[in-house]
Every structure is written in C-alpha cells, then in structure tokens.
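Okay, here's what each chain looks like letter by letter:
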Amino acid sequence: MGLKDYSRRRFVKQNSLAGIGAAVTMSISPTILAKCITDTGTPAILGGEKIRTKEWPGWPMWDPAADEEQVVKVLRSGVWSRADLVTEFEKKWAETIGSKRCLAVVNGTNALIASLVQLGIGGGDEVLVPPYTFIATVISILQTGAMPVFVDTDPETFQIDCDKIEAKITPRTKAILPVHILGLPADMITIMDIAKSHNLIVVEDACQAWLAEINNKKVGTFGNAGCFSFQNSKNIPIGEGGAIVSDDDEFMDRCYSYHNYGNPYGTLIGTVGSGTVMAGTKMRITEYQAAIGLAQMKRLEEQTVKRNENAAYLRARIKNIPGILPYKLNNKVTKAAFHLFPFRYKKEEFRELTRSEFLKALQAEGIPASGGYTPLNKMPYLKNVLETKNFKLMYPPEMLDYNKFMERNQCPVNDQLCGEAVWIFHSLLLAEKSDMDDIANAVDRIHRNADKIKNNNLK
Ligand SMILES: Cc1ncc(COP(=O)(O)O)c(C=O)c1O
C-alpha cells in the first residue's frame, strides 16, 4: 500500500467509522479531501517544506476607509472625554447582548471589580472561581477584599466543573464568578440553578465571550452582571476597554456612579461639587475609544459566524487524530465566541513528544499555537495577598495559612489540563476553510512523524 493510499484509507476510516457526523463528512469537498490525503511530507522541523507559508490574518483588523471617519471626527472635535459616543456605544452593546443596560469602563478587570463591589462583595466573603482563566478574574476578587475559592475545571469543555461547585460552598460564600473561558460558554443553566438554591450572586466573566450563547441567550445576561473586555487581542479590539451589562437599573446606576468618582448617576462629566454619594473611582472610557469600538462592533457578528464555522470544520478534521482531544461544547450552547480554539494534546499518542516539542514542530509548519494558562491556584501572588495588612484584618488566622489555603484549593484536573492544552488564536479562524486544512495537516504530519521528530530533532 502506497503512502497516499494509506493516508486516504486512514482518513476515510477515521471520518466514517469513528463517528464523524454525516453533515460534516459531506461538507468536506473532494478538493479538500485530496489535500488532506496527499500531505505526507517530511516535517518542517526536520528540514521538510513548511505546510503553511501564507500569512495568517493579522489582528486587530482595521479598515481605514470604513472605520476612520468617526475616529478622526472625534479627534478634531476636541470632545475626548466621555460624551455622546460612549453612550451610543453602550446602547449598541446592550442591544447586541440583549441586556437592558450597559456601562462602558476602562477594561474588563475593572468591569469585574465594579460589578463585585456594587453587588456587595467584600472583605470576609468567599467567591467561587475556576482556576482556568486569565489572572484578571482572580485579581478582581482579591481587589474587593474577598477570598477566591477555586473550583476545578471540566477538561472536556475547559470550563468550571459544575459538579464540583456545591462542595466548595461555605457560610462565607457570597458569589460565583464563572468564566466563559476561551469564548466557550460555561453551563449557566446549572450555575444559575446552584446560585438560586444557595442564594448566591453571579457575576459572569464574559471577557472572552462576546456573542456566545446558551439556549439562544447571550452569555453575560444570565447572572446579576456580565463583564466584557475590549483589550487589543480580543474579538472586539479597542486597545483597552470593558463593559458591564445588567437588567438591574439600581445596580447599573451604582456602577455608573462608582465609575465616575462616586458622583450620582446622571451627573454630567466634568461637574464638580455634585454631592458625591459613594467612594467611587474613575473608570471612564474616552470618545475615541467608543468610536473605535463602534467600528469594531460592525464586523463582530459576521466574524463570529465565521469563527464558529471554521472551528467546527477544524474540530472535525483533527478529532480523530490519536492524542488530539478538541474542546467540547455542552449541549446547551447555541453559539461560541472562539476567542481561542483549544484542544488537549496527549503525548502518549505522539511517542512521548512533549507538548512544548509538539508546539515547536507546529510552529515550524507555520502554525502559531500556544500552551495557554498555568494553574492560577498555585502562584506566589496568593501567598502575598494572604500576608497583607487588609487580609489579616478581615480573615481569621486559619484562613490565612498558606498551606491550608493550597490544600483547600487543589484542582488536580486543572493541573493536568494546563499541561496538555493547546490553543490556536481566533484570528486564524478568520482565514478560509481550506486554510484550516493547513492546521489539521500540520497536526497530522507531526503525529505520523512523532518518532522521527523525537529521535532526530530534539536530542
Ligand atoms: C477571562 C478574562 N477575564 C478578565 C480579563 C480582563 O480584561 P482586561 O484585560 O480588559 O482588563 C481578561 C482579559 O484579558 C480575560 O481574558
């Protein structure tokens, strides 16, 4: 049997017998199939030709002709502090998300802090949070004075493991902070049920999950508040920026106040002596940020659809490669955001090629990828915070014992996931479907040549 025949048979077998859906099988055209089965070359890391030589779509995207008019208008107007365009951005984002209100703030981190604080979370409270997230999620809890309590991760969805939430609830637990990490929705139906039965606040960290949905409802609208980030790498990039959404008018009025020095809701920007009502801070975004955001918002829906289509196609292409376990979406998810496309890498199926060796080989093929997060429940910042003056004033000594904290916050599944995850950045999903084949073919090539790579390249 020739190599081509072998590859063809292997492909057909894996994509029919192993249960690939009929719709997906049918969506792979003969041309693409031909491309899939002819890729048998030497891995680039061993001197072969790169699979991918074309550039991937860059990020952020910007179309001067379509996007710049309003930004330039703002710059020339001299009205740069918060005014009408920020309000317009908020209205549009609330509408887009299906929420009554939106407040734009300086970034996602502060959106989370403001939400937690204005929902009454503070010193002495515990907040349940997954460790598989960006550090800002945990920092936001610590900034309020509350104690993060880590709930282990479900390795298939990469999200908080809902079956492990209730075991972590104590009399101090006041809130759950689920994160729709990588843009894949956490199971908000189950989380809201748990929250309801234990009378807990829910703040959704949707900082990576713009337009993602569960049962056709956008994430960020399930909990008491939803928080978004518009930082430069995000699917709506503004450079920096964030938003809080909620249907609760009183809460949103308080957030507004908090983001504007504690001045009462409705106070004009720039007013002094307005009868400050709370110890607020300043979290306002500028008019030129809003102008950039409005331009970016226009392309979000179309890009999100494309990411979903390409992710589904790529998933189908790689899921039968031994040792590659792509993300799963729980069955209530109707749309994901795919800030990242994740899969787990099992080195046992790759002749013990380590993940970092695999990533190097993938990079050599022209496919940028990363290993993602390291466990957030095990880092020195936690020891540091437990030793602060404020924490000593707010918690009994047994809660500040670092070893006990570490013991209580073990998340072994997350530890393993952090060692196995591979991420592909969302802008690659904005290339064409045929470009997804380059990714799949590179993974497949590394798999077929894992022994050679292990023996020849990395001694
Ligand atoms: C999951 C998550 N939470 C919170 C944040 C914080 O957002 P920002 O960077 O806008 O402060 C980020 C952004 O990187 C994030 O990815």
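Everything in this summary refers to the structure shown in the same document. Here the residue numbers are simple positions, counted from 1 along each chain's written sequence. With pLDDT at 70 or above as the cut-off, local features in this predicted model cover only qualifying residues; side-chain atom pairs require 80 or more to be listed or tallied, and sums for whole chains, interfaces and linings still use all residues. Calculation of side-chain values draws on the structure's entire complement of heavy atoms; hydrogens and water are dropped beforehand.

## Some remarks on the packing of aromatic side chains
Logical step 1: Stacked, edge-to-face and tilted labels apply to pairs of Phe, Tyr and Trp rings (six-membered ring for Trp) whose centres lie within 6.5 Å, assigned for plane angles under 30 degrees, over 60, and everything in between, in that order. Tallied over the full model, the rule gives 16 aromatic pairs.
Logical step 2: A ring pair is formed by Trp93 and Phe228, whose centres lie 5.2 Å apart and whose planes are at 85 degrees; its orientation type is edge-to-face. Of this pair, Trp93 sits in helix α5 (residues 84–97) while Phe228 sits in strand β8 (residues 225–229), and the two are 135 residues apart along the sequence.
Logical step 3: Between Phe350 and Phe358, the aromatic rings sit 5.5 Å apart at their centres with planes inclined by 80 degrees, giving edge-to-face as the arrangement. Taken individually, Phe350 and Phe358 each receive the classification buried, so the pair is uniform in this respect.
Logical step 4: Among the aromatic side chains, those forming a connected cluster through ring pairs are Phe89, Trp93, Phe228 and Phe230.
Logical step 5: Whether a charge sits over a ring depends on NZ of Lys or CZ of Arg being within 6 Å of the ring centre and within 35 degrees of the ring normal. Here the basic side chain of Arg52 rests over the ring of Trp56, its NZ or CZ set 3.8 Å away from the ring centre.
Logical step 6: Against the face of Tyr265 rests Arg101, its NZ or CZ located 4.9 Å from the ring centre. Elements are defined by DSSP. Helices are runs of H or I of four residues or more, strands are runs of E of two residues or more, and each kind is numbered from the N terminus. For the exposure calls, accessible area comes from a 1.4 Å probe over protein chains only, and a residue counts as buried if that area is under 20% of its type's maximum, exposed if over 50%, partly exposed in between.

## Concerning a nonpolar patch on the surface
Logical step 1: In this scheme, patches are assembled from residues that exceed 30% relative accessible area and form no salt bridge. Like charges are connected within 9 Å, while nonpolar side chains (Val, Leu, Ile, Met, Phe, Trp, Tyr) are connected within 5 Å. Areas reported as accessible are Shrake-Rupley estimates using a 1.4 Å probe. Residue values count occlusion only from the protein chains shown. In what follows, salt bridge is the name for a side-chain nitrogen of Lys or Arg lying within 4 Å of a carboxyl oxygen of Asp or Glu. A grouping of Leu75, Trp80 and Tyr288 is seen on the molecular surface, where their side chains present a nonpolar patch of about 290 Å² in accessible area.
Logical step 2: Considering the arrangement of structural elements, one finds Tyr288 in helix α10 (residues 287–318).

## Describing the site of the ligand
Logical step 1: Residues in close proximity to the ligand total 17 residues, the closest being Thr109, Asp205, Gln208, Ser229 and Lys234.
Logical step 2: Polar contacts, as counted here, are pairs of nitrogen or oxygen atoms within 3.5 Å of one another; within protein the pair requires one atom able to donate a hydrogen and one able to accept it, and residues that are adjacent in sequence qualify only if both atoms are side-chain atoms. Within the side chain of Gln208, one N or O atom sits 2.7 Å away from an oxygen atom of the ligand.
Logical step 3: Here the ligand has 380 Å² of accessible area as a free molecule, and 93% of this is covered by the chains.
Logical step 4: When residues of the shell around the ligand are traced back to their parent elements, those giving at least two are α6 (108–118) and α7 (135–144).
Logical step 5: Per-element tally for the shell around the ligand: the top contributor is α6, with 3 residues. Residue proximity to a molecule or strand is established when one non-hydrogen atom of the residue lies within 4 Å of it.

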